[in-house]
Amino acid sequence: MSSANSSTLHSGNWFNRALVPSLATILICAAAPQSHAQEYPSKPIHLVVSFPPGAGTDLVARVIAQEMQTAWGQQVIVENKPGAAGNIAAELVGRAAADGYTLLLVNSTFTANVGLFPNLPFNPLKDFVPVMRLGSSPMVIAAAANAPFDTLAGMVAAAKAKPGTLSYASCGNGGPPHIIGEQFMRLHGLDAAHIPYKGCGPATNDVLGGQVPVLFTNYSSTKAYLPSGRLKALAVTLPQRSSLAPEVPTVKELGFGDISTDLWFGLVAPAGTPAAIIEKLNTGIASALNTPSVKDKLMNQAVEPQPDTSAEFTRFLKQEIAMYTKLIKELNIKLD
């Protein structure tokens, strides 16, 4: 990506009169990316989070912010702008100056929202430049301690034995856990009622209390309750078992379909942000993610670091948008 400050040379009868200034302009343009990289950051960076304080996305943002601040000696201010499934924060950052000083930390809803909102006020690919994928957390299917089944096979059997009696909770209507929950139910012909909550915390609390028997959510919401048996992990929706929860089988290995979706976190910047700044952000944060201390901090939050390049993250976002848009249409999922 070329620098936002690049100049354009205009044609005309100028060759003899303005050759030296034009060459100087060309050299300045060519040197601009290097200049951006050397100067950045020279003032505080605002890291906008699309969910409230204490949420998983916020916790990841604060780990990353601290590492950026330590590495570069500039304050990194985490700003929580929750609302509209993350769209308020995304629209705000999408309109910000493309100078690397306003960044957006996103999660899987960033791509799922494309199929949910017919009049989305931004385009995730055109209005932003992907910096990197930061990491992911497994999506888990969990059951309440008082649920009359301890395995995924038991859940399916119970739902088929008494159609219309099974219900499951998710973190919100139209969120990735809801979409994957509906995908699973449709795949196995299960008549189950979806109960959406305003956040993973409230959903988990009601399943802990036995009001709802099944929960589709992120692993971080459940891990504290699994060792004691207050929640029972039935499966994770990953291609293979997670290093965060190696004891929990995958949906695929249990023979219940190739449902392979995690809940990821990533960093994006406004479109037009100079390539040199994107590269510096990517390189610096990737280096931090590969250090044992940062790995430990994120793993304690049930997030496995998975740094990649801007190009790789771009391809990943395109795949996620296509997948979620297809599922939302096939499952006829609509916002209330």
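Coordinates for the structure precede this section.
The rules behind each value
- Residues numbered from 1 in each chain as written.
- Predicted model: local features only at pLDDT ≥ 70, side-chain atom pairs only at ≥ 80, totals over all residues.
- Heavy atoms only, no water.
- Axes fitted to C-alpha atoms, helices over the stretch in contact; angles between N-to-C directions.
- Helix = DSSP H or I, 4+ residues; strand = E, 2+ residues; numbered from the N terminus.
- Parallel < 35°, antiparallel > 145°, perpendicular 65-115°, else oblique.
- Left-handed = near helix turned anticlockwise from the far one by under 90°.
- Contact = heavy atoms within 4.5 Å.
- Nonpolar A, V, L, I, M, F, W, Y, C, P; charged D, E, K, R; others polar.
- Buried < 20%, exposed > 50% of the residue type's maximum accessible area, 1.4 Å probe, protein only.
- Arc of directions from axis to C-beta.
- Salt bridge = Lys/Arg side-chain N within 4 Å of Asp/Glu carboxyl O.
- Polar contact = N/O pair within 3.5 Å; in protein donor to acceptor, adjacent residues only side chain to side chain.

Enquirer: Mind laying out the packing of helix H4 (residues 109–116) against helix H11 (residues 310–331), listing which residues take part and the relevant values?
Expert: Running from N to C, H4 and H11 point in directions that differ by 40°, and their axes come no closer than 8 Å. With respect to H11, the element H4 is oriented oblique. As H4 packs across H11, the resulting crossing turns out to be right-handed. Residues Thr111, Ala112, Val114, Gly115 and Leu116 of H4 pack against Leu317, Glu320, Ile321, Tyr324, Thr325 and Ile328 of H11. When its residues are assigned to classes, the contact of H4 with H11 shows seven nonpolar, three polar and one charged.

Enquirer: Break down helix H5 (residues 152–161) for me, citing the residues and quoting the values.
Expert: Of the positions making up H5, those classed as buried are Leu152, Met155, Val156 and Ala159. Here the buried residues of H5 occupy an arc of 95° about the axis, which is enough to place them on one side. Buried residues along H5 sit in contact with strand S4 (128–144), strand S5 (166–170), helix H6 (176–187), strand S7 (214–218) and strand S8 (231–236).

Enquirer: Lay out the pattern of salt bridges in plain terms, naming residues and giving numbers.
Expert: Pairs may arise between side chains of opposite charge once their charged atoms sit close together. Under the counting rule described, the total for this entry stands at eight salt bridges. As a salt-bridge pair, Lys326 and Glu330 come within 2.7 Å of each other at their nearest N and O atoms. Placement of the pair is Lys326 and Glu330 together in helix H11, with a separation of four residues, close to one helical turn.

Enquirer: Quick rundown of the side chain of Asn113? Include the residues and the values.
Expert: One can find Asn113 in helix H4. The exposure class of Asn113 is buried, given its relative accessible area of 3%. At 2.8 Å, the side chain of Asn113 forms a polar contact with the backbone oxygen of Ala85. Filtering out sequence-adjacent residues up to four positions away, Asn113 remains in contact with Ala85, Asn87 and Leu120.

Enquirer: Go over unusual backbone geometry with me, naming the residues and quoting the values.
Expert: Here the amide bond leading from Tyr40 into Pro41 is cis, since omega sits at -5°, within 30 degrees of zero. As for its position among the elements, Pro41 is in the loop between helix H1 (15–39) and strand S1 (45–49). Even without glycine at this site, Ala84 takes up a positive phi of about 55°. Mapping Ala84 onto the fold places it in the loop between strand S2 (76–80) and helix H3 (87–94). You will see that Ala302, though not glycine, has its phi angle at about 65°, which is positive. Take Ala302: it is sitting in the loop between helix H10 (292–300) and strand S10 (304–305).

Enquirer: Before we move on, can you summarise the environment of Ser136 with the specific residues and values?
Expert: Relative to the helices and strands, Ser136 is located in strand S4. A residue is classified by how much of its surface remains accessible, and Ser136, at 5% relative accessible area, is buried. Measuring from C-alpha to C-alpha, the distance between Ser136 and Val303 comes to 5.3 Å, with 167 residues separating the pair along the chain. There is a polar contact of 3.2 Å between the side chain of Ser136 and the side chain of Asp262.

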